[in-house]
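In case you want the letters, here they are:
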Amino acid sequence: FFFFARMFVQVCLYFYCKCLWRCLKFVVRKLTGQCELQRICYNTKPGAARTMKIEASLKGSKSKRLQTSVNVHPDAIEKTIDDIMELKRINPDINPQLGVSLQACLLQIVGYRNLIAEVEKLRREPYDSENPQHEEMLLKLWKCLKPNSPLKARISKQWCEIGFQGDDPKTDFRGMGLLGLYNLVYFAEWDTEIAQQVLTDSLHPKYSNVWQYLDFNYFFFLSQLSKAEWEKKKFDKAIGYSFAIVGINITDLAYNLLVSGALKTHFYNVAPEAPTLTHFQQTFCYLMHEFHKFWIDEDPLDIMEFNRVREKFYRRILRQLQNPEMALCPHFAASESLINM
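Residues numbered from 1 in each chain as written. Predicted model: local features only at pLDDT ≥ 70, side-chain atom pairs only at ≥ 80, totals over all residues. Heavy atoms only, no water.

An unreviewed UniProt entry annotates the protein as ELMD1 protein originating from Rhodinocichla rosea.

Chemist: Before we go on, may I ask you to explain the overall build of the protein in this structure?
Modeler: Broken down by element type, the protein carries 15 helices and zero strands. Classification of the 341 residues of the protein by burial places 43% in the buried group. Sequence-distant contacts, at least 24 apart, represent 69% of the contacts inside the protein between residues at least 6 apart. Summed over all atoms, the accessible surface of the protein reaches about 19300 Å², with 56% contributed by carbon and sulfur. (Helix = DSSP H or I, 4+ residues; strand = E, 2+ residues; numbered from the N terminus. Buried < 20%, exposed > 50% of the residue type's maximum accessible area, 1.4 Å probe, protein only. Contact = heavy atoms within 4.5 Å. Areas by Shrake-Rupley, 256 points an atom, 1.4 Å probe, with all protein chains shown as cover.)

Chemist: I'm lost on the pattern of salt bridges in this one. Help?
Modeler: One side chain can pair with another of opposite charge once the charged atoms of both are near each other. Counting across every chain of the model gives 19 salt bridges. In this structure, the salt-bridge partner of glutamate 55 is lysine 264, at a minimum N-O distance of 2.9 Å. Here lysine 264 lies in helix H13 (residues 264–270) and glutamate 55 lies in helix H3 (residues 48–59), a separation of 209 residues in the sequence. For the salt bridge of lysine 79 with aspartate 83, the shortest nitrogen-to-oxygen distance reads 3.2 Å. You can see lysine 79 and its partner aspartate 83 sitting in helix H5 (residues 77–87), four residues apart, about one turn around the helix. Each of the salt bridges in this network shares a partner with another, and the network as a whole consists of Glu298, Glu305, Arg308 and Lys312. (Salt bridge = Lys/Arg side-chain N within 4 Å of Asp/Glu carboxyl O.)

Chemist: Looking at this model, I keep getting lost on the nonpolar core. Mind explaining?
Modeler: If you look at soluble globular proteins, the nonpolar side chains tend to sit buried side by side. Membership of the largest hydrophobic core comes to 84 residues, with the highest contact counts inside it found for Ile54, Leu102, Leu141, Leu181, Leu257, Phe280 and Leu287. The element that contributes the greatest number of residues to this core is helix H6 (residues 96–124), accounting for eleven residues. Mapped onto the domain boundaries, this core takes at least three residues apiece from domain 1 (34–123) and domain 2 (130–204 + 240–339). Ignoring any residue separated from it by four or fewer positions in sequence, one finds leucine 257 in contact with Tyr112, Ala262, Leu263, Leu287, Tyr314, Ile317, Leu318 and Leu321. (Core = buried A, V, L, I, M, F, W, Y, C linked by side-chain atoms within 4.5 Å. Domains from an automatic or database assignment.)

Chemist: Looking at this model, I keep getting lost on helix H15 (residues 306–321). Mind explaining?
Modeler: Since the α-helix advances by 3.6 residues per turn, residues separated by three or four positions end up pointing in the same direction. In this model H15 runs 22 Å from its N-terminal to its C-terminal C-alpha over 16 residues, within 8% of the 22 Å that 1.5 Å per residue would give. When we look at burial in H15, the residues that qualify are Phe306, Val309, Arg310, Phe313, Tyr314, Ile317 and Leu321. Down the axis of H15, the sector holding all buried residues measures 140°, keeping them to one side. (Expected span 1.5 Å × (residues − 1). Arc of directions from axis to C-beta.)

Chemist: Hey, could you run me through helix H7 (residues 132–145) in this one?
Modeler: Along its 14 residues, H7 runs 20 Å from first to last C-alpha, staying within 8% of the 20 Å computed at 1.5 Å per residue. Looking at H7, one finds that the buried residues are His134, Glu135, Met137, Leu138, Leu141, Trp142, Cys144 and Leu145. Residues of H7 that are buried in the fold lie against helix H8 (177–190), helix H9 (192–202) and helix H12 (243–260). Between the side-chain oxygen at the start of H7 and the backbone nitrogen of glutamine 133 there is a gap of 2.9 Å, and the oxygen is on asparagine 131. (Polar contact = N/O pair within 3.5 Å; in protein donor to acceptor, adjacent residues only side chain to side chain.)

Chemist: For this particular structure, what's the right way to read the environment of lysine 143?
Modeler: Mapping lysine 143 onto the fold places it in helix H7. Along the sequence, lysine 143 and valine 185 sit 42 residues apart, while their C-alpha atoms lie 9.9 Å from each other.

Chemist: Explanation requested: the environment of arginine 310 in the structure shown.
Modeler: Summarising the element assignment, arginine 310 is placed in helix H15. Classification of arginine 310 by relative accessible area gives buried; the value is 12%. Separated by 19 residues in the primary sequence, arginine 310 and phenylalanine 291 place their C-alpha atoms 7.9 Å from one another. Apart from residues lying up to four places away in sequence, arginine 310 is in contact with Asn249, Asp252, Leu253, Asn256 and Phe291.

Chemist: In this structure, what is going on with the packing of aromatic side chains? I would like to understand it.
Modeler: The geometry of an aromatic ring pair is captured by the separation of the ring centres together with the interplanar angle, meaning the angle of the planes. Applying the stated rule across the entire model yields 15 aromatic pairs. The interplanar angle of 65° and the centroid separation of 6.0 Å between the aromatic rings of tyrosine 112 and tyrosine 268 together place this pair among those described as edge-to-face. Remark: tyrosine 268 occurs in helix H13 and tyrosine 112 occurs in helix H6; sequence separation between them is 156 residues. Judged by its relative accessible area of 0%, tyrosine 268 is buried. Here a set of aromatic residues connected by ring pairs shows up, and it is made of Tyr241, Phe291, Phe294, Trp295, Phe306 and Phe313. The cationic tip of lysine 264 hangs over the ring face of tyrosine 112; the distance from NZ or CZ to the ring centre is 5.7 Å. (Phe/Tyr/Trp six-rings, centres within 6.5 Å; stacked < 30°, edge-to-face > 60°. Lys NZ or Arg CZ within 6 Å of the ring centre and 35° of its normal.)

Chemist: Would you mind going over unusual backbone geometry with me for this structure?
Modeler: Despite not being glycine, arginine 89 has its phi angle at roughly 55°, a positive value. Secondary-structure assignment places arginine 89 in the loop between H5 and H6. The phi torsion at aspartate 299 lies on the positive side, around 50°, for a residue other than glycine. Residue position: aspartate 299 is located in the loop between helix H14 (277–298) and H15. On the basis of relative accessible area, aspartate 299 is assigned to the partly exposed category, the value being 25%.

Set out below in structure tokens:
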């Protein structure tokens, strides 16, 4: 019974999408004198709400020319707009603002697709210790995070001080390739104060495990404190995780958000035109800072809970991005305010 019921619902949805919905659009156009693209641009403010509706409209069109318009090269966008206006029989002299609005939307749509390709290329490029540029970036990461502690050797235990697993960081970039290094360097170079603070916190042990390091007299002193005094004097809720490894893991999280399309909401709201790699890296900085605070609030027992906390954090970001008004880090916006196109 349930199988046939589900099949019936699917048939109804297919019939609605293919027939009734197209008929409804035809009737609305006759009544308003405007096509769906016009109604979206005239009645929806710029940003994710408008661009995502335009994208859905173009992809769902019965016209192949409109369907493929979201995949054109950036240099072909102006001609694509002319083709759309001609296909929809819209006079550009009477509707000059429509072309401007459609162009802004297409720049975002095509730019997002190109950004995925650029990020994927970096992710697939392995770290090469024989490449001077790769080595230079790695050393820059150290200098930004530990400016007062010179690195004694390229292969050194010192790398563990910024959260790598062994003497040579190159082995830790296998999962995310150069993308992980690019993000860490950007965070350390452009958000230096926050990056250094996160690193400092991450080096502290969990306060719940600190008792083994205390002598009896200090333990007796703590036992005499009231609950309120203990809350004031207790050790910080320190992180106890490997900074660089977590940064590479958060890079993976940001990558998944990008590829799944979840970051469209954010990028369409902060990038008036095409989102760039810089937008992606700024988003990574935001995610690192927010995960840092989230981990402290969750107060896990140890690093073994990392996957649980990361998954919970990921779900929270996804919920936020479901809001078409959402901009994860508006202070990183390419423009202080979206142009009202």
